Protein chains: 2
Amino acid sequence: MTYLENSGVSSNTSIHLARRPSGLPVAADWRRETHDIPEPGPGEFLVRITMISLDPAMRGWLDDRPSYLPPVAIDEVMRAGAVGEVVISSHPRFKVGDYVLGTFGVQEYAISGGTGVTLIDPKLGTPSMYLGVLGMTGMTAYFGFFEYGRPRSGDTVVVSAAAGAVGSIVGQLAKINGCRTIGLAGGPAKCGYVVDELGFDAAIDYQNESLRESFQQHCPTGVDIYFDNVGGEILNTALGHLAMHARIVICGAISQYNAESSTPGPSNYLALLVRRGTMQGFLVFDHADEYPLARKRLAQWVKEGKIIAPETIVPGKVADFHDVFLRLFNGENNGKLILDIRAS
Amino acid sequence: MTYLENSGVSSNTSIHLARRPSGLPVAADWRRETHDIPEPGPGEFLVRITMISLDPAMRGWLDDRPSYLPPVAIDEVMRAGAVGEVVISSHPRFKVGDYVLGTFGVQEYAISGGTGVTLIDPKLGTPSMYLGVLGMTGMTAYFGFFEYGRPRSGDTVVVSAAAGAVGSIVGQLAKINGCRTIGLAGGPAKCGYVVDELGFDAAIDYQNESLRESFQQHCPTGVDIYFDNVGGEILNTALGHLAMHARIVICGAISQYNAESSTPGPSNYLALLVRRGTMQGFLVFDHADEYPLARKRLAQWVKEGKIIAPETIVPGKVADFHDVFLRLFNGENNGKLILDIRAS
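Residues numbered from 1 in each chain as written. Chains lettered and ligands numbered in written order. Predicted model: local features only at pLDDT ≥ 70, side-chain atom pairs only at ≥ 80, totals over all residues.

Regarding the overall build of chain A
A tally of regular secondary structure across chain A gives eleven helices and 15 strands. Relative to its length of 344 residues, chain A is compact, with a C-alpha radius of gyration of 21 Å against a globular reference of 20 Å. Expressed along its principal axes, the backbone C-alpha trace of chain A runs to roughly 65 × 45 × 35 Å. Taken across its 344 residues, chain A has 49% of its residues classed as buried. For chain A, long-range pairs separated by at least 24 residues make up 67% of all intrachain contacts whose partners lie at least 6 apart in sequence. (Helix = DSSP H or I, 4+ residues; strand = E, 2+ residues; numbered from the N terminus. Rg over C-alpha atoms; globule rule 2.2 N^0.38 Å. Buried ≥ 20, exposed ≤ 12 C-beta atoms within 10 Å, placed from the backbone. Contact = placed C-beta atoms within 7 Å.)

In structure tokens, the structure reads:
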């Protein structure tokens, strides 16, 4: 137990789900707890968490309904992807001093047996990149775009939440593949960022432009791939502008995650028939076997400067989780949103 | 001009679109005209139409909006698939006495240059079968089910409008392929027909049962293939009961064709993400190159008694078109609906 003795640290602060949110989560939906750091058992290791991933999908995990993962239970530590340093280990593969990526939760320390944990290779990227472009975010963009979007050079690709973590990567992958790429974002600043920094061919400001007119202007031959992170009226408008044999990739629907009642479906779905289109949902977990290859390619593109991996890293404590999480839903951040608890 | 002289026939009665319907068509939307039968030119032939196909898709052709075919123009002869006998011909391939299938329209006589016309092979089936199981109806069922449904033995297949022309064939194709097959139909008589005559494993009476409970009862492991002819609440309920990697085939949406305002989309579409599902629209025309093979296979299955090809053949005149067409929308008919004008 050298680490605990030497560091003088003995307690772990964690954020627990106190009750299920109705609509946008409020502070009282969470509870902070502090407990002694448990001792890792044989074959286990202790991780000092340094950075916590904040993702729109986390909102879905709070609702008590069947989904691709069981909901976070009341009183359970909030589920979250995180990176950290191994500080105690009797695991054969994860050594003290290694940095690791795993679903460690919103807390300062986590014990793991190694299942689902990825060793961070500093030659590929930094720990924060393992939450972003080399982590679930990058994997989601990569498999969603290539496997389900099935791009061909010259395709017109439209991406919603284009300044967001996944959307920013998808748009750049589309450019690498010779596609004409249009991003949707909220407000002139974000739209400027999408075009000037991320290299999209054009941006549509969904807060200030007519969706229909802007789609007509920027997609005169129709949309070949629509990569959807938002749902709602933007999805419906995209359906109204499909090219023949278009592919709609359903990655998420952030516009609906905090809805308190059932939201309307895409009334234009019959365009799938007229345009012989496909609307397909996917989950990145199904491609876990291929993560190592995707990670290498993405790392290479970052090194070559073909992809930039935007990050919004917020220093704080685990107690700041709620405030930082809300930034996902008020449109404040660009790229990957991360809570950095190293200084706490 | 021997035929015209011998038969004593000189005029052709045809049904024209007088104005665009709003909602369910009414009699005043059509106009009957009688003109001299035109003389076929060199390389053309004259068809005496014997039977006219009535299809839900015809309703879509009446609306003035972009679709997979241009709308029927005001004053134009109503577009329709039909079969008939060649009575005059200078065409090298279509001889007097041949029966042919083509988009001849709602009229008694049609002139054709042969484009898009299929010679009826009496060894494969009767002319009415060339409108149904061996025509667009059967092709739609065959390609929709096999190409887009991608069935595997043991799949749970749900078909809406199961007593209808396309649905009745899809369900039987599913049975041939070892699928568990559930049909939706309106009322106990149709549901009995679907199970007793067509051989579906079960039927759901959407007019008298709770959709949700019936889906749960009949699809306890979820729906692998949902073949949709109706849209609306049935599509939405199917989305709520998908098995993993489910395929939703969008063939039509009869519940919406006569809607006078925009109808709600399927609010459960995010199930595509949770269940990694695909929702795909298709048009049978894209598979025209493969019609001959499909027609042979379907004819063989009919001969072997593996498929029955239900038909509702209504004797009448072209002037009866409107009344017979409405039977598609009031749920009166089983199987393929045909207007038989031979005696007129």
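Overview of the pairing of strand β4 (residues 82-89) of chain A
Residues and elements named next belong to chain A. Counting buried residues along β4, seven of its eight residues qualify, which places the element largely inside the surrounding structure. Inspection of the sheet shows strand β3 (residues 45-54) paired to β4 by seven bridges, in the antiparallel sense. When the sheet's bridge partners are listed, Met51 is paired in β4 with Val83. Bridge count between β4 and strand β5 (residues 99-102): four bridges; the pairing is antiparallel. (Pairing = 2+ DSSP bridges.)

Description of the interface of chain A and chain B
On the side of chain B, 26 residues touch chain A, which itself brings 26 residues to the contact. Counting only elements with at least two residues in the side of chain A that touches chain B, the list comes to α9 (271-274) and β13 (278-281) of chain A. Broken down by element, the residue count for the side of chain A that touches chain B peaks at four residues, all from β13(A). Of the residues contributing to the side of chain A that touches chain B, the split by class is 13 nonpolar, eleven polar and two charged. Here β13(A) runs beside strand β13 (residues 278-281) of chain B; their pairing, made up of three bridges, is antiparallel. Its bridge partner being in β13(B), Gln280(A) is matched across the sheet by Thr278(B). (Nonpolar A, V, L, I, M, F, W, Y, C, P; charged D, E, K, R; others polar.)

Details of the domain arrangement of chain A
Residues and elements named next belong to chain A. Examined at the domain level, chain A breaks down into domain 1 (2-132 + 309-340) and domain 2 (136-285). Inter-centroid distance (C-alpha atoms) of domain 1 to domain 2 is 29 Å. Taken together, the 17 residues of domain 1 in the interface contact 15 residues of domain 2. For the side of domain 1 that touches domain 2, the secondary-structure elements that each account for two or more residues are α2 (57-60) and β15 (336-340). The greatest single-element share of the side of domain 1 that touches domain 2, amounting to three residues, is contributed by α2. (Domains from an automatic or database assignment.)

Looking at the packing of helix α7 (residues 211-218) of chain B against helix α8 (residues 232-239) of chain B
Residues and elements named next belong to chain B. Relative to each other, α7 and α8 sit at 45°, their axes nearing to 10 Å. Considering the angle they form, α7 stands oblique to α8. As for how α7 packs across α8, the hand of that crossing is right-handed. Side by side, α7 and α8 meet where Leu211, Arg212 and Phe215 of the first sit next to Glu233, Ile234 and Thr237 of the second. (Axes fitted to C-alpha atoms, helices over the stretch in contact; angles between N-to-C directions. Parallel < 35°, antiparallel > 145°, perpendicular 65-115°, else oblique. Left-handed = near helix turned anticlockwise from the far one by under 90°.)

Points about the UniProt feature "domain: Enoyl reductase (ER)" (unreviewed entry) in chain A
In this structure's numbering, the residues bearing the UniProt feature "domain: Enoyl reductase (ER)" (unreviewed entry) are residues 23-339 of chain A. Counted over residues 23-339 of chain A, helix gives 26% and strand 24%. Its end C-alpha atoms are 23 Å apart. (UniProt positions renumbered as here; feature names shortened; annotations may be inferred.)

Here we look at the sheet that holds strand β9 (residues 180-185) of chain B
Read across the sheet, twelve strands follow the order β10(A)-β9(A)-β8(A)-β11(A)-β12(A)-β13(A)-β13(B)-β12(B)-β11(B)-β8(B)-β9(B)-β10(B) without closing on themselves; strand pairing throughout is mixed. At either end of the open sheet lies a strand with only one pairing partner, and these are β10 (202-205) of chain A together with β10 (202-205) of chain B. Neighbour-to-neighbour, the strand axes of the sheet open up by a mean angle of 15°, direction not taken into account. Bridge count for strand β11 (residues 223-228) of chain B against strand β12 (residues 242-250) of chain B is five bridges, and the pairing is parallel. Bridge assignment links Asp228(B) to a residue of β12(B), and that residue is Ile250(B). On top of the sheet, α8(B) reaches β8 (156-159), β9, β11 and β12 of chain B; it is set at about 165° to β11(B), its chief contact.

Side note on helix α5 (residues 165-176) of chain B
All names here are of chain B. Taking 1.5 Å per residue, twelve residues should reach 16 Å; α5 reaches 17 Å between its end C-alpha atoms and fits that length. For α5, a buried count of ten out of twelve residues is recorded, marking the element as mostly surrounded by other parts of the structure. Where α5 is concerned, the buried positions are Ala165, Val166, Gly167, Ser168, Ile169, Val170, Gly171, Gln172, Leu173 and Ala174. Of the surrounding elements, those touching the buried residues of α5 are α4 (136-149), β8, β9, β11 and β15 (336-340). (Expected span 1.5 Å × (residues − 1).)

Points about the relation of the copies chain A and chain B
Mapping chain A onto chain B calls for a rotation angle of 180° and an axial translation of 0.0 Å; the resulting RMSD is 0.0 Å. Classification of the inter-copy transformation places it as that of a two-fold axis. Distance from the rotation axis, computed per C-alpha, reaches its smallest value in chain A at Gly265(A): 2.0 Å. Looking at chain A, 100% of its interface residues are interface residues in chain B too, so the copies touch through the same face. (Least-squares fit on C-alpha atoms with pLDDT ≥ 70 in both.)

What about unusual backbone geometry?
The residue Arg150(A) is not glycine, and still its phi comes out positive at about 50°. On the basis of neighbour count, Arg150(A) is assigned to the partly exposed category, with 15 C-beta atoms found within 10 Å. You will see that Arg276(B), though not glycine, has its phi angle at about 55°, which is positive. Within the element layout of this structure, Arg276(B) appears in the loop between α9 (271-274) and β13.

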